[in-house]
Every structure is written in C-alpha cells, then in structure tokens.
Amino acid sequence: MEELLILTRGGTFGCAVRHLCTISTVSLPYWPLHFSDTDALFGKSFPVRRIRRVKKQSICNMAKYEGNAVKSDVNSGNMLFEPILEEGIFRFDCSANDRTSGFPSLSFINSTDRDTPIMSHKLPSFIPSFECVHGQQIVNMKLPSGTSFYGTGEVSGQLERTGKRVFTWNTDAWGYGSGTTSLYQSHPWVLAVLPTGEAIGFLADTTRRCEIDLRKESTIQFLAPYSYPVITFGPFPSPTDVLISLSHAIGTVFMPPKWSLGYHQCRWSYDSDARVREIAKTFREKGIPCDVIWMDIDYMDGFRCFTFDKNRFPDAKTLVKDLHKDGFKAIWMLDPGIKHEGGYFVCDSGFENDVWILKADGKPFVGEVWPGPCVFPDFTQSKTRSWWAHLVKEFVSNGVDGIWNDMNEPAVFKSVTKTMPESNIHRGDIEYGGSQNHAYYHNVYGMLMARSTYEGMKLACENKRPFVLTRAGFIGSQRFAATWTGDNLSNWEHLHMSISMVLQLGLSGQPLSGPDIGGFAGNATPKLFARWMGVGSLFPFCRGHTETDTLDHEPWSFGEECEEVCRLALRRRYRLIPHIYTLFYMASTTGTPVAAPTFFADPTDPILRTLETSFLLGPLLVYASTMPDLKLDEHVLPTGIWLTFDFDDSHPELPLLYLKGGSIIPLGPPHQHVGEASGKDDLTLLVALDDHGKAEGLLFEDDGDGYEYFHGGYLLTYYAAELQSSVVTVRISKSEGSWERPIRRLHVQLLLGGGSMIDAWGIDGEILQITMPSGNEVSRLISVSEKQYRTRIENAKQVPDVEKVSGQKGIELSMTPIELKSGDWILKVVPWVGGRIFSMVHLPSGTQWLHSRVEINGYEEFSGVDYRSAGCSEEYIVTERNLEQAGQEESLKLESDIGGGLVLQRHIYIPKGNSRVFRIESSILARKVGAGSGGFSRLVCLRVHPMFSLLHPTNSFVSFVSINGSEHEVWPESGEQLFEGDLRPNGEWMLADKSLGLGLVNRFNIKEVYKCLVHWGTGTVNLELWSEERPVSKQSPLRVSHEYEVREI
C-alpha cells in the first residue's frame, strides 16, 4: 500500500478542493504542496485545519470488479486532480472515492501509471468541471476563445472539429458519410490547439460509449456512464509535444516491417490463386511498383477462419512461395466470428478451452456473420488470447506474411445494433476490469483481438516484425496494428475526407493508416482513381481496395492515361520510402507523427488550421486537389521558405511537393518492390536551405525487419548542410548504431526554387562541397525549370473525365450531386440514381439522419407495393432549381419516366419562412397513358421509403398517437409493423433517440397516406408512407406530401 498526503480545508475532501478551485482558474493541487505555495497562488493565506492520509489502492490489490464504480456523494463541481506519469500530465476525478474505486485503464500501456501520483510542483492550467446526472458523468472544459479542436480518432467530416459531436461506439459503418457519428474505432481524445499555438490534450479514460461534444466554441464536453477519470496532457509548446507526451501513456506505433510501407493491392475478393498470380504478373509486366497482395474472406473454406478453400486455393504455401520469388508478400484475413459447427477444429478447440463470449444466462453467444451461426472468442481473457495466438502461429506456417482482422467491432448480422447484446458477459482478466458485460468491453474488443493476432505472429517467428491490420480499435491500438478508414465510397467527397481522416487518426496516436484508394463501395472513374492514387500514394499506409460486384480497381483498370498517373504516383512513393521509414522509426521511438496537418508547420497561424487538402510528412509538404476541377494554383503555404520540387514527373493529377527550408530528406531509387533495395544503392539527399543557409535531416537504416535495431543493429545518420562563402558543405554531423556504413554514391540535390536544383555527386560519409551559382544563374535556372514544368503539365496525357454527359440541360445537371442548404438543413440529392436524398444533416445538432450511399438506400420512392419497384433506381431529370440567394425558397424539382406513360415527380424544398423543416411533395402522374386503356394507367402505389441511421439502436424508438387516440411506442425488438385504418399515426410520427435527446418528426397529409410501415434493420429503421394503390389518369394523380423537423425530447 502506498500513502499519499492529502491537504484538506475542513469539511469533506471533495468540497474543500472544489471550494479552492473556484478561487482561481488555476487550481490548488492537493498533493504535494507546501503551505508557502498557497500564498503565492492566491495572494493570501488561509487556515489549514488538518492533513488526512489516504491509502492508494494499486490495481493488483483490487478485487473482482462488479461493473459499477462506487457512487460519488458529489453531483457537480470542479474535478480533483493529481499529477501522474511525468511533468505536465494530470489526472482529474469527480471525488476521492472515484479515484480509488475506478476501473483500470485499457488505454495506458501500464494501468498503474494512471493510478500512481508523482511529485510535481506544476499546476494544471485548466480545471474541468463535472456533473453527474442519471448515472452519466458530464465533464466540461472551457478553453480560450479561438481554440481549435482535432483528434477524436477515426471520424469523418472536417479536419477542425468545432461544431461536431461524435460517439465512441465501434460500429460497422459501411457507406458512412461526413456526418456519421460512430465509425469503427473509439478514441475518446481531443487535441486542443490554443490561440497561442500551444496545445493540450484531453483523454476521457473510459471504454464505454462516450459522447464527445464540440458544438460549443472552445468547449469540450465528455458524457459517459459514471465514473471515469479525465487525463490532461499539457499545455505544451506545440501539438507535437502533446503527441509525444500522449505516447508515453498509451504507447507508440509498432515499428512496421519496411515492406509494409510499399503499395498494397486488394479487393473483395481475388477469388482464386490463379487470379492472384495474374494480378502479381501484371504489376511486374507493367512496371508498377507493388509489395503486397491481399486475400479477402473468399480464400477460406466456407468462411471458416484458419482454413483454405481446397478448390480455389489448393496450395497456399506454394502460392506464397511463388509470390515471394516475384517480390510480393501475402496478407490474409481473419475474422472473430468462428462458425458454430461440430467437427470444425477451431470451434471444437474453442469449446474445449472454454473461450467464448457468454450470454447473460451463461451459455455461449451465437450470432450470425459470414459463415452463418458463429461463436466469438472472449479476447478479454488471457487464456483466450493465448489460444488464438497459437492458432495464428500455426496459420503463419503456411507462409502468411501479414494478417487482416476484419469485422471485429464485433459486427453481427441480423441485429438492429449491428453487434452483440450489451448484456453478453466477458470473463475478463482482473487487470482489465474482471467479469463485465459487453457494454464495458465492446470498444476494446477489436484492439484485444489485434493484440492476440500480433502476439501469435511473434510466436511464429521472433525474428520478424508482425504486420496486422485491424478495422476496429481503441486508443492504444497502434501498439499492435495498422488500420484503414473502413468501407468508404468511390466519390470525390470521400477522396477529400480521406486526408482529414488519416490526419485525425495520427493526431489520436495512430500514425499507420490510410483509406481504400479509389473507394471501397461503388465504382471509381478514371479521373477520381488517378487523383486518389496521387494523394493516397503519400499516405502512411497505401492500399487500393474495392468491394465485391464492382469494376476492377487495379491501377491499369481505367485506361492508359490513368495507369500512367498511378505508375508515376507509386514511383514517387518508392523514392520517398527511405524518408517515410525514417519517420516511422521516429514515431515508434518518440511518438512524433508521420503525417501531420499543415498547421504543425506554424501552430500560431489560424489560416492553416482548417486546411484539408495538404499535409506534412516531416518537413515535406504535400498539396493535393480533391475536387474534380483542379485548383492547385490556389493554395496557402506556411511562413518561411518552402521550395517546390518533383522527380521530372509532374502531372495535373499529382499533388505538388514542397520541402521546408532548413531540411534534408533521404530518397532512394524507384524500385518495383522494397526487397529490391540494396545498401549499395545510390543515396539521394534533397536539401533546402533556410534563411541562415543551413539544413539538417535524418536517415534511419536497418534490415527492414526484425528487432536487431533494439540492440544497436542499425545506422541513424544526421546529415547537415551549410552555406559559407558561396559554397554549400554537406557532411555527416552525427551517427548512431553499430551498422557499418555501406560504400555507396551520394547524390545531393540542392533546391534553388521554382523546381530548379543543383546536382552534385560524392561518396556517402565523405564531405561534399557544392559551389553556388551566381544570382543571375540561379534566376536563369529557375526560369528554365518553371518552363519545363509548364511543358510537362501541358503535354501530359489527360485522364478522361467520363462524368461529363452531353445532352439536354437536365441530364447535365443531374450528373452532379445537388446540395440544398438553408436554415437547419443540408440535403444532398443524386438525381441520376433514383433521385435519392443520400445525405440529410441537421445543422444545429450536427446529426446525419440518413443511412445511405450514392446508389442505394437513403431517401427513395417506389411506384408499387413491391420493394424497389420502378422509381428507386431510374435516372431523374432536374426540371427546376431555385436558390435561396436568388430570393426564392431553396428548392429542387425533378422527375423520372417510370414506364407505361407514367412519371414520378418530386419537389424538395426548404420553406423560406420556416427553415426548421424541409418538405417533399411527390406525385405519380399520367403523361402518356393510351386511350385504349380508358386513360388509366397500370395499378400503382406511391411508396415513400426513407432509411434512417440509428446512432443508439437500443435507445431509439418510433412514437405516435394514432387516429383512434391510442398511443404507440414501437421499439426495435418489435420487428416490422404495418399500421392501417384508425391505427395510422394521426398525421405525425417521430423517430426518437433518447441518448441524443432528439426526435425526427415526420408530418404528412393523412388524406394521402393509407398505410404506415416501420421496418427495423441492422442499425437502421424505415418509416414508410404508402398512398392508396390504384390506377392514375391525367386528372387523378397519386400524391404524398410530408415534411421533416428535428425536435428536442
């Protein structure tokens, strides 16, 4: 037991410190503190009545956790704090009881670090306040006006997070949009950059569902089940300092094997070893660099993990052996869902070892995933992690180079929540929190699976670094696995978001990430794919991937022009791999970011804080265009010297590259795969001098795999350049490690500006001197370089823009997503596929209500009682578009020919006098119904079919009062329900979310609506309105008029 001195001032401990906290914005620490400090802090003395000794309980002494921390007798106030881990890190709790009875940390490398105070005289600059209401702990941090927010982990949408709200609840979020509030990973973390450029980080250290609310300017609010501590890091001089400090708590990224920094090619699925060989052969024939080919779920025998389909992948060992000969690695998928089937060795072994997650009644939980009924390993138990690790060890013996953990939120089919019941039981290790329900362990399930997989790969070969990719994760997952941004869409919005998403993950401690290049869901166009490869080739993790039933998405799949852009982009990446590998060495040893927002170059510049089309790789600035129309000539650079360069490869579809003055970065040859590299390769140093004529940089080298670098088996070289008397001297200023320097040529490229450079050659390790040309000669070189650049751009083969469609005006307009924005709403409509509304964001709450992607779901309308009958997928013509700024209401009219002389017409508008609502008036009209039918059409029904997302499925329901006066609450467990006659809602029903405290109200004309249908899906609900079913004529159309509004409940 450890004893702490606690200073109190009469009354209860919590009240004493809360009273002191109200005296000043800087609080009095309660351990340790000399009495003289109080006078300096408050400018006056006060009587100290007693000193109390409190025994600090260590994690190892805690008994089995019961799932609920001891309840505080305090309902609100300022939080108590103590310094932990190192200078500048503080832990805040609601009360002393909460500190001693709280759950262990699953984010910290060592939970006891969070629970052990240290000696420190530094005081926190900001004191969070708290309120405990109905079992929820609400924590607020008010920061100076002008503070910018980042982090919050894997999130879509904007880079700067002010105005956003997210929920940490790992969710299978296929087809997510910019307003989706829960994705695959949970990082209850906010990085705040103060107006001064200083930064501070806030971690709500809870595994449970947590709301991070940043909608109020310069204010952070955490809301999660009681109780949890808040850990603050800083303020420190820069955001980088905060990330370094955070890494001391949650760990750094694992050091990836060098081959994993090459290009990865994947799809769902390369369905046979013959197709895999064909893909590998084509890469080499076309001279497009690539290191890895991925096997999705279809390599398995009936989706059974740790098996191979005997017909399509009859000899995995030989396949991998042949891939290795051609310089490729192979990565294979493993999901957590194990087919519940006797005779299947993994299932039988799991039951023998008692490793499954249990239902509340103590029986193994069975949920449906790809193989059908499945049981799920309980990775919260050490025996389960060991069991899984040994399965992985045997699996790796087939030649497996890396493992892909998918579906590990965990995702469960045919469940409204998309996951298993929160009442399921995990029999966790005591250091994790002991036996708890799934609500406690849900967010860390994916991380613990990734850890088990990582440890299994280490068991298989101690001399190789594991490579694991995980879809689900928690803050701290970077210690075990890389990640990607999930099932994104093949559109320009997702290309644009991919930069911010990668950066946010890096700002949350996970630097090894990237998107599915080209988009997972849907078909990319040549221009979209080329542009995405241009920027994606410079992300820390670089992989192309697409889903089943899409077109091929390999680099050569979109024509010769796109193929050439992909070749150029990937050759760039391979030239930069020495630099990227060095960045990962620094990230794994010090916690610095790999890819960082542009504002890291100058955190004091507010203009840089919202830039979303550029990012830094160390001192290298990447500037991309993420919209169809190129505008690379319109961009902002940080203050200082930034010199542009290329590799004689400039192309309109590729990003611009700048090197910061004062920097040196290492480059290598553009190999076809990392394994081609040799220590004898020419080493290139790209040099940009600063205002003082100096530059410096790093190069880390080792075997590219294994752990010899832990024991000195590496070479870390510090290069320096300095201009004196018109001569630039390049030398080694310092080196570390026991590796002998290879005998190789050194190629120095000294940037002058405008893309021009001076080339000089020497021997690495020897001093190289470069004579600077005269000012006139420099001007001439810059002029020549700029002219060459313009010539390359003008002569580049343009990637075809197949999205432009000639024809009548309506069709041309319909090929661009249309945005309606006014008052409380932003709607996005895609006329060319069903006229669907695929985005429906309520601005005041920041809530995206629709579950959609461009080509399916969202708000649809059908022309019959049959699901997806005519009208849901046809092309619509825009017939009228009115803009609010033109003095009219924001509105859109569109229509589609649904056959038989019928037209489905839709008018979507936001009334100018009531911008809280938006309205939809839809009709089925008879345009060309023949006289032979008496002027009447076929039997039709106007069926309005919106699909709404459930952010909190277990706390969402549909409520209404029916025509007969009866009150209804329809919950997900009720399945599908149809309301007719007097049971119909009396012109209004509401989708309510109790967690949000919001309801989406749908009002409609009861004279036009004959049936109302509620259908609960997996994380979704449909609230359908049906007209009567009858033929229509020109005089008797069918109509449904309705509107939506968000209301507080």
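Counting of residues starts from 1 at the beginning of each chain's written sequence and follows it residue by residue. Thresholds applied to this predicted model are a pLDDT of at least 70 for local features of residues and 80 or more for the giving and counting of side-chain atom pairs; totals over whole chains, interfaces and linings are not thresholded and use all residues. Excluded from the side-chain calculation are hydrogens and water; included are all heavy atoms of the structure.

## Side note on helix α9 (residues 382-396)
Filter applied, for reference: Starting at the N terminus, helices and strands are each numbered in turn, a helix being any DSSP run of H or I of at least four residues and a strand any DSSP run of E of at least two. The length a helix should cover is 1.5 Å for every residue beyond the first. Each residue is assigned to one of three classes by its accessible area relative to the maximum for its type, calculated with a 1.4 Å probe on protein chains only: buried under 20%, partly exposed between the two thresholds, exposed over 50%.
For α9, with 15 residues, the first-to-last C-alpha span of 21 Å sits near the 21 Å given by 1.5 Å per residue. Looking at α9, one finds that the buried residues are T384, R385, W387, W388, A389, L391, V392, F395 and V396.

## Structural notes on the sheet that holds strand β33 (residues 620-623)
Our working rule: Strand pairing requires that DSSP identify at least two bridges connecting the strands. Here an axis means a line fitted to C-alpha atoms, over the contact stretch when the element is a helix, while the angle between two N-to-C directions is reported on a 0 to 180 degree scale.
Across the sheet, which stays open at both edges, the five strands sit in the order β31-β32-β33-β35-β34 with antiparallel pairing between neighbours. Bordering the open sheet on either side are β31 (595-597) and β34 (642-645), each of which pairs with just one other strand. Ignoring strand direction, the axes of neighbouring strands in this sheet form an average angle of 35 degrees.

## Some details on the nonpolar core
As a reminder of what qualifies: Put simply, a nonpolar core is a bunch of buried Ala, Val, Leu, Ile, Met, Phe, Trp, Tyr and Cys residues held in one set by side-chain atoms that sit within 4.5 Å of each other. Only heavy atoms enter the contact rule, under which two residues are in contact if any of them lie within 4.5 Å.
Core analysis: the largest hydrophobic core is formed by 177 residues, its most contacted members being F233, Y299, W332, F467 and F615. Top element by residues in this core is helix α14 (residues 560-590). It accounts for 15 residues. Residues contacting Y299, with those up to four places away along its chain left out, are T307, F308, D309, F313, W332, M333, L334 and F395. With 53 residues, the next largest nonpolar core counts Y859, L892, I924 and V1009 among its residues.

## Some remarks on the pattern of salt bridges
Proximity of charged atoms lets side chains of opposite charge pair with each other. Definition in use: Salt bridges are counted wherever a side-chain nitrogen of Lys or Arg sits within 4 Å of a carboxyl oxygen of Asp or Glu.
Under the counting rule described, the total for this entry stands at 59 salt bridges. Here E455 ties to R451 by a salt bridge, and the two come within 2.8 Å at their closest N and O atoms. A residue pair is termed a helical-turn pair when its members lie 3 or 4 positions apart in one helix, as E455 and R451 do in helix α11 (residues 445-460) at four residues. Note on E455: relative accessible area 29%, which makes it partly exposed. Its relative accessible area of 22% is what places R451 among the partly exposed residues. Salt bridges linked by common partners bring E82, R91, D93, R99, R114, D115 and D205 together as one network.

## Thoughts on the confidence of the model for the protein
The condition that has to hold: Each residue carries a pLDDT score, the predictor's own confidence in it, on a scale running from 0 to 100.
When the pLDDT values of the protein are averaged, the result is 89; 90% of them are 70 or greater. Across residues 1-72, where pLDDT falls below 50, the model places 152 contacts with residues more than four positions away in sequence or in other chains. Contacts of residues 804-814 to residues separated by more than four positions or lying in other chains number 16 contacts, the stretch itself having pLDDT below 50.

## Here's the deal with the packing of aromatic side chains
We describe a pair of aromatic rings using the distance from one ring centre to the other and the angle between the two ring planes. Under the convention used in this document: Two rings from Phe, Tyr or Trp (for Trp, the six-membered ring) form a pair when their centres are within 6.5 Å of each other. A pair whose planes differ by under 30 degrees is stacked, one over 60 is edge-to-face, and the rest are tilted. In this scheme, Lys NZ or Arg CZ marks a charge over a ring once it lies within 6 Å of the ring centre and within 35 degrees of the ring normal.
Counted under the stated rule, the structure contains 56 aromatic pairs. Measuring from ring centre to ring centre gives 6.3 Å for F700 and Y709, while their planes differ by 85 degrees; the resulting arrangement is edge-to-face. Among the aromatic residues, those joined into a cluster by ring pairs are Y299, F306, F308, F313, W332, F351, W356, F379, W387, W388, F395 and Y445. Positioned above the aromatic ring of W404 is the side chain of R543, whose terminal nitrogen or guanidinium carbon lies 4.7 Å from the ring centre. Between R543 and the ring centre of W484, over which it is positioned, the NZ or CZ distance is 5.1 Å.

## Here's the deal with the pairing of strand β17 (residues 292-295)
Quick note on the threshold: For the handedness criterion, the strands are oriented away from the viewer, and a crossover whose path from the first strand over the helix to the second runs clockwise is classed as right-handed.
Side-chain alternation along β17 places V292 and W294 on one buried face and I293 and M295 on a second face that is also buried. Inspection of the sheet shows strand β16 (residues 264-265) paired to β17 by two bridges, in the parallel sense. Counted as the bridge partner of H264 is V292 from β17. Taken together, β16, helix α6 (residues 273-286) and β17 constitute a β-α-β crossover, and its handedness is right-handed. Here four bridges tie β17 to strand β18 (residues 329-334), and the two strands are oriented parallel to one another. Looking at β18, one finds that W294 is bridged to I331. The β-α-β motif built from β17, the intervening helix α7 (residues 316-325) and the parallel element β18 has right-handed crossover chirality.

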